[in-house]
Amino acid sequence: MCSISVIETPFFCERDGLQIRGMEYFPNEEQKKTKYPVIIVSHGFTGNYISTKDYCRTFAQMGYVAFSFNFCGGGRNYEEDDLKSEGESTETTILTEVEDLIAVKDYVKALPYTDETNLILAGTSQGGLVSGLTAAKCKDEIKKLIMICPALCIPDHARRGCLGGSHYDVNDVPAILDCEKTQLGKIFHDTVVSMDVFLELSAYKGPVLILHGLEDATVNYSYAIRAKESYEQGQCHLQLIRNAGHSLNEKQIESVVASIRQFLLERKELLTIRVIITNKESVTEGDYRKSKIYFTGYCDTGYFHGTILPGGCDTQDYYLDELKMVRAEYTLQGLDIEGETCNIHIVNQKVNGEWKPSLETDSKNLAWLNNGDLTAVLEGSKEGPVVRIFGNLT
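Residues numbered from 1 in each chain as written. Predicted model: local features only at pLDDT ≥ 70, side-chain atom pairs only at ≥ 80, totals over all residues. Heavy atoms only, no water.

### Describing the pairing of strand β1 (residues 5–15)
For step 1, the next point in the chain: Of the strand pairs in this sheet, β1 and strand β2 (residues 18–28) are connected by 11 bridges, and their pairing is antiparallel. Its bridge partner being in β2, Phe11 is matched across the sheet by Gly22.
For step 2, the next point in the chain: Hairpin connection from β1 to β2: 2 residues lie between these consecutive antiparallel strands, with Asp16 at a positive phi of about 55°. (Pairing = 2+ DSSP bridges. Helix = DSSP H or I, 4+ residues; strand = E, 2+ residues; numbered from the N terminus.)

Right, here's the structure in full:
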């Protein structure tokens, strides 16, 4: 996938007389399109539009016009004023943030170069919850929804008296909730304490992608599982990420964005292979070094259940310690979608910056995988990578 440069331009819009500040990320392509698909990315609690810039820049490089913005009254108390949208944090609620996002959505739809029929909402943490609630409210206006570690725990935190890291008596809620980095008003508690968040989310009927870390100590991944179950069958794809907490590191974000790209291309996750590294060896000759990483592992999906046979090997060639070639080759043995015994042989290599696996299987039920146009996304973990293979169903 070739990379294109991105033009970043501040934008402003209003909600109930309050100015919303944000940034537009425009793909700087040689041949301009008349209309561009759009992604609006919402930040988490005490965050701002800068905290989502890596996502937005990458989406723009994919050919989307991306927008990030600051919620009114959001951010940290000590944040620079020119980064903030107007409004007081003590007057902010989840529902005012939904109205902020709707205001940005309306602003974006009115731009002459945006495709209002291809509008995607994405959000991290609290911004993920707000994006989900906004999609439920706007329904058919939103083509797809992406929630990254969504803070679906917020109503429960209100019921426990610990919103935003504060601690208070739920039977005597104070006027101001001290959350250290910011302050919330009692109105925030009052608007979510009786909310059935999963019922609210289920009003949206479009495609949904939820990505959540298995080691998230802020929002347990069980909330994401329950959210998936609240949507209609087949509507929501849930990707649970090993060794990931509530805040993703640079490599995890890179992997998450690669999975999001497959979702945006409407490609399905066909095989999920969990690799377990067993041994490593390396041979150096002058400026050249060849490393071999041996592994086992397993696949457990709706299309195939099985294990990696002995001999799985990832070969890496280096010149002057710079990686020049990577080639993974292994065979899975197990049961296909109809419960019949079969083998799947996989060779995975990078082509134009993407992992492009080639598969050969003796399963007549999975024969459509042979010579298919497939893309792999590698997700790092302590034991070994998770390999997610995406493609189009035939």
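### Focus on the packing of aromatic side chains
For step 1, the next point in the chain: Applying the stated rule across the entire model yields 9 aromatic pairs.
For step 2, the next point in the chain: Consider the rings of Phe295 and Tyr330, whose centres lie 5.3 Å apart with planes at 75°: the pair is edge-to-face. One end of the pair, Phe295, is in strand β12 (residues 288–300); the other, Tyr330, is in strand β15 (residues 322–336), and 35 residues separate them in sequence. Across this residue pair, the class does not change: Phe295 and Tyr330 are buried.
For step 3, the next point in the chain: Here Arg289 stacks its cationic end above the ring of Tyr318, 4.0 Å away from the centre of that ring. (Phe/Tyr/Trp six-rings, centres within 6.5 Å; stacked < 30°, edge-to-face > 60°. Buried < 20%, exposed > 50% of the residue type's maximum accessible area, 1.4 Å probe, protein only. Lys NZ or Arg CZ within 6 Å of the ring centre and 35° of its normal.)

### Here we look at helix α2 (residues 94–109)
For step 1, the next point in the chain: Between the first and last C-alpha of α2 there are 23 Å, a value that for 16 residues agrees with the 22 Å anticipated at 1.5 Å per step.
For step 2, the next point in the chain: Capping the start of α2, Thr93 holds a side-chain oxygen 3.1 Å from the backbone nitrogen of Leu95, two or three residues further along. (Expected span 1.5 Å × (residues − 1). Polar contact = N/O pair within 3.5 Å; in protein donor to acceptor, adjacent residues only side chain to side chain.)

### Examining the packing of helix α1 (residues 53–61) against helix α8 (residues 250–264)
For step 1, the next point in the chain: Relative to each other, α1 and α8 sit at 40°, their axes nearing to 11 Å. Classified by the interaxial angle, the pair formed by α1 and α8 is oblique. In this structure, α1 crosses over α8, and the sense of that crossing is right-handed. For the pair formed by α1 and α8, the contact residues are Tyr55, Thr58 and Phe59 on the first element and Ile253, Val256, Val257 and Ile260 on the second.
For step 2, the next point in the chain: A per-class count over the contact of α1 with α8 returns 6 nonpolar, 1 polar and no charged. (Axes fitted to C-alpha atoms, helices over the stretch in contact; angles between N-to-C directions. Parallel < 35°, antiparallel > 145°, perpendicular 65-115°, else oblique. Left-handed = near helix turned anticlockwise from the far one by under 90°. Contact = heavy atoms within 4.5 Å. Nonpolar A, V, L, I, M, F, W, Y, C, P; charged D, E, K, R; others polar.)

### What to know about the packing of α2 against helix α3 (residues 126–138)
For step 1, the next point in the chain: Running from N to C, α2 and α3 point in directions that differ by 65°, and their axes come no closer than 9 Å. When the axis of α2 is compared with that of α3, the two are roughly perpendicular. Between α2 and α3 lies a crossing whose hand is right-handed. Together, Ile94, Glu97, Val98, Glu99, Leu101, Ile102 and Lys105 of α2 and Gln126, Leu129, Val130, Ser131, Leu133, Thr134, Lys137 and Cys138 of α3 make up the contact between the two elements.
For step 2, the next point in the chain: Looking at the contact of α2 with α3 residue by residue, the classes come out as 8 nonpolar, 3 polar and 4 charged.

### Things to note about the state of the cysteines
For step 1, the next point in the chain: Tallying each qualifying case throughout the model produces 0 disulfides.
For step 2, the next point in the chain: Unpaired in this structure, Cys13 has its nearest cysteine sulfur neighbour in Cys72, at a distance of 8.2 Å.
For step 3, the next point in the chain: No disulfide involves Cys149; its nearest neighbouring cysteine sulfur is the one of Cys153, lying 11 Å away. (Disulfide = S-S within 2.5 Å.)

### Details of the pattern of salt bridges
For step 1, the next point in the chain: One pass over the structure, following the stated rule, counts 22 salt bridges.
For step 2, the next point in the chain: A salt bridge links Arg57 to Glu8, with the shortest nitrogen-to-oxygen separation between them at 2.7 Å. Taken together, the residues Arg57 in helix α1 and Glu8 in strand β1 connect sequence positions 49 residues apart.
For step 3, the next point in the chain: Here the residues in one salt-bridge network are Lys105, Asp106, Lys109 and Glu141, joined through shared partners. (Salt bridge = Lys/Arg side-chain N within 4 Å of Asp/Glu carboxyl O.)

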